[in-house]
Amino acid sequence: HPVLSNAIYLWASFLSRPGPLSFNEQMFLSRTQSALVDALNVSQHQPQSSPRILQQDISRAATLSPPSFAHTTQGSTIASAPVVVDTIQAAVLLSRYFFAIARLHEASYYSNAAASLAIQSGLHQINSSLAIAVSQQRQQSPAFAGLSAVYSSALRLPPPQDGVELGERINLFWQVFVLDRLVSVALQRSPTIVDDDSVETKIDTPWPEDVGES
């Protein structure tokens, strides 16, 4: 998705300071923020009745109306897993960019976006069937109807197609986790990603594997 390519160009411009490429830094920042609105619109793959708070917040922050770009079927918005992953990666790069230029509140904003999307997508529970268990329990028992939509199986990514995609998701989750902790320490606030023994929030995604261990 263009949101990720523009985020990469933004970092290339930043790292080229004071070279001529750095003159494009603000342009790529603007393009990345605008593309993020579209990426969030495309990455929504839950029924329209589900909350879309994250998308609406970023849309308001960018003072743009998200374009109608997603493919819709029978009242639902469908997105491919790569768009969701690209969106999270771009949010991480934006947060780290703002952290690097000492704009901590904006760094926190995009860090929260990345963390929220990562949890909604189930990147914190890659290595188990916890997501399936929650979905099954919700269907079998009315008591689970009140669970937050953040843990709805409709928001989770489909299984990875191969080992490369699996490795990308594992690396991405821990990048988001470390960034979340980094920003929380810098701003002296609680982290967004909770790490406890609750069935919805327990982290069981494995540590990234070293290349030599593959």
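Thresholds applied
- Residues numbered from 1 in each chain as written.
- Predicted model: local features only at pLDDT ≥ 70, side-chain atom pairs only at ≥ 80, totals over all residues.
- Heavy atoms only, no water.
- Core = buried A, V, L, I, M, F, W, Y, C linked by side-chain atoms within 4.5 Å.
- Buried < 20%, exposed > 50% of the residue type's maximum accessible area, 1.4 Å probe, protein only.
- Helix = DSSP H or I, 4+ residues; strand = E, 2+ residues; numbered from the N terminus.
- Contact = heavy atoms within 4.5 Å.
- Phe/Tyr/Trp six-rings, centres within 6.5 Å; stacked < 30°, edge-to-face > 60°.
- Salt bridge = Lys/Arg side-chain N within 4 Å of Asp/Glu carboxyl O.

A. Inspection of the nonpolar core at higher detail. Grouped together as the largest cluster of nonpolar side chains are 40 residues, with contacts concentrated most on Ile88, Val176 and Ile193. Those elements that place two or more of their residues in this core are helix 1 (2–15), helix 2 (25–43), helix 4 (81–100), helix 5 (104–120) and helix 7 (163–187). Here the element with the most residues in this core is helix 4; it accounts for 10 residues. Look past the residues within four positions of Ile193 in its chain and what remains in contact with it is Ala115, Ile119, Phe173, Val176, Phe177, Asp180, Arg181 and Ile203.

B. Local environment of the packing of aromatic side chains. For the structure on display, the rule yields 11 aromatic pairs. Measuring from ring centre to ring centre gives 5.4 Å for Tyr97 and Phe98, while their planes differ by 65°; the resulting arrangement is edge-to-face. Ring centres of Phe98 and Tyr110 lie 5.8 Å apart, and the angle between their planes is 5°; this geometry places the pair in the stacked category. Of this pair, Phe98 sits in helix 4 while Tyr110 sits in helix 5, placing them 12 residues apart in sequence. Of the two residues, Phe98 and Tyr110, both sit in the buried class. The structure contains a cluster of three or more aromatic residues connected by ring pairs, namely Trp11, Phe14, Tyr97, Phe98, Tyr109 and Tyr110.

C. Local environment of the pattern of salt bridges. Applying the stated rule across the entire model yields four salt bridges. One salt bridge connects Glu165 with Arg169, and the closest N-O pair in it is separated by 2.7 Å. Taken as a pair, Glu165 and Arg169 lie in helix 7 at a separation of four residues, close to a single helical turn. For Glu165, a relative accessible area of 17% puts it in the buried group. The exposure class of Arg169 is buried, given its relative accessible area of 5%. Linking Arg181 and Asp180 is a salt bridge whose minimum nitrogen-to-oxygen distance equals 3.1 Å. A relative accessible area of 0% means that Asp180 is categorised as buried.

By themselves, these are just geometric observations and shouldn't be taken as functional.
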